Amino acid sequence: MIWEELNPELIFTNLEAKNTDEVMKIMGTEFIRLGYTKESYVEGLIAREKEFPTGLDVELENLGVAIPHTSVEHVHRTGTAIAVLKNPVTFHVMGGDEDETVQVGIVFMLAVVDPNKHIDKLQRIIALIQDQELLKKMAKAENKDDIIKLIAEKEKEL
């Protein structure tokens, strides 16, 4: 379960960022500070996002989702960070055309050590983000505990 692994220090509510790179820097720096990742993590995230975009249009205005991550060479231990952005930022769409973008309001950032478990975690996150009501509630969450509770409740349903 994702909620059992969540570190409150890696959950952000009303995160202010001007663009995709700034989201990566703010969230990635916390992974580094907490010892989850190497100093190279943020650079790895930004480079991978340019090559393999992670934005997902979930058909909610200004509430797209992104799932940035990078290769295992930048990671010490597995973790998940979640940010609800104060204002949406533009991400390129996963698997879309080069100019296809989505306004992202929620970011699930991954630090993964085992690429095989990476797929499992992605599938669990995809199951969460398919619930538009959950995303709307997350966008309105006032604190980190509310986000953890919302995810825990949803995972118990799955």
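Our subject is the structure that appears above.
These numbers were taken from a predicted model, which means no experiment stands behind them.

Details of the pairing of strand β4 (residues 79-92)
Then comes step 1: With three bridges connecting them, strand β1 (residues 11-15) and β4 associate as parallel partners. Residue phenylalanine 12 lies in a different strand from β4, and its bridge partner there is alanine 83.
Then comes step 2: Pairing analysis gives 10 bridges linking β4 to strand β5 (residues 101-111), with the strands arranged antiparallel. In the sheet register, alanine 83 faces β5, and the bridge partner there is valine 107.

Points about helix α6 (residues 144-157)
Three or four residues apart is the spacing at which side chains of an α-helix point the same way, because the helix has 3.6 residues per turn.
Then comes step 1: Compared with the 20 Å implied by 1.5 Å per residue over 14 residues, the 21 Å span of α6 between its first and last C-alpha is a close match.
Then comes step 2: Considered for burial, the residues of α6 that qualify are Ile147, Ile148, Leu150, Ile151, Ala152, Lys154 and Glu155.
Then comes step 3: Residues of α6 that are buried sit in contact with α1 (2-5), β1, β4, β5, α4 (115-129) and α5 (132-140).

Details of the nonpolar core
Then comes step 1: Counting residues in each nonpolar core, the largest one holds 28 residues, and the members touching the most others are Met27, Phe31, Tyr41, Phe91, Val107 and Met109.
Then comes step 2: Put simply, the parts of the chain that give this core at least two residues each are β1, α2 (20-33), α3 (41-51), β4 and β5.
Then comes step 3: Excluding anything up to four places from it in sequence, phenylalanine 91 contacts Thr20, Met24, Glu49, Thr54, Gly55, Ala66, Glu100, Thr101, Val102, Val104 and Val107.
Then comes step 4: Core analysis: the next-biggest nonpolar cluster, separate from the first, contains 27 residues, Ile2, Leu63, Ile67 and Ala141 among them.

Comments concerning the packing of α2 against α3
Then comes step 1: One can describe the packing of α2 onto α3 by two numbers: an axis separation of 8 Å at closest approach and a directional angle of 145°. Where α2 crosses over α3, the two elements pack in a sense that is right-handed. In contact with Thr20, Asp21, Met24, Lys25, Gly28, Thr29, Phe31 and Ile32 of α2, α3 contributes Tyr41, Val42, Leu45, Ile46, Glu49 and Lys50.

Let's talk about the sheet that holds β4
Then comes step 1: Spatial strand order, β1-β4-β5-β3-β2: five strands in an open sheet with mixed pairing. Bordering the open sheet on either side are β1 and β2 (55-56), each of which pairs with just one other strand.
Then comes step 2: Two elements, strand β3 (residues 64-66) and β5, share three bridges in a ladder whose sense is parallel. Note on β5: the bridge partner recorded for alanine 66 is valine 107.
Then comes step 3: Of the strands in this sheet, β2, β4 and β5 touch α3, which is tilted by about 140° from β5.

A few points about unusual backbone geometry
Then comes step 1: Positive phi, close to 55°, is recorded for asparagine 14, a residue that is not glycine.
Then comes step 2: With respect to the helices and strands, asparagine 14 occurs in strand β1.
Then comes step 3: Residue classification places asparagine 14 among the partly exposed positions, given a relative accessible area of 47%.
Then comes step 4: Not every positive phi belongs to a glycine, and asparagine 62 is a case in point at roughly 60°.
Then comes step 5: Structurally, the position occupied by asparagine 62 is in the loop between β2 and β3.

The rules we used
- Along each chain, numbering runs from 1 in the same order as the chain's sequence is written.
- Totals for whole chains, interfaces and linings use all residues, but because this is a predicted model, local features are given only for residues with pLDDT of at least 70 and pairs of side-chain atoms are given and counted only at 80 or more.
- The basis for every side-chain value is the complete set of non-hydrogen atoms in the structure, without hydrogens or water.
- We treat two strands as partners when DSSP finds at least two bridges between them.
- Put simply, DSSP H or I for four residues or longer makes a helix, DSSP E for two residues or longer makes a strand, and each gets a number counted from the N terminus.
- A helix is expected to span 1.5 Å multiplied by its residue count minus one.
- Throughout, exposure labels follow a simple rule: accessible area from a 1.4 Å probe, protein chains only, divided by the maximum for the residue type, with under 20% read as buried, over 50% as exposed, and the rest as partly exposed.
- Two residues form a contact once any of their heavy atoms are found within 4.5 Å.
- Working definition of a nonpolar core: buried Ala, Val, Leu, Ile, Met, Phe, Trp, Tyr and Cys residues. They are joined through side-chain atoms within 4.5 Å.
- Axis lines are fitted through C-alpha atoms, for helices just across the contact stretch, and the angle between N-to-C directions can take any value from 0 to 180 degrees.
- The hand of a helix crossing depends on one turn: near helix anticlockwise from the far one by less than a right angle means left-handed, and clockwise means right-handed.

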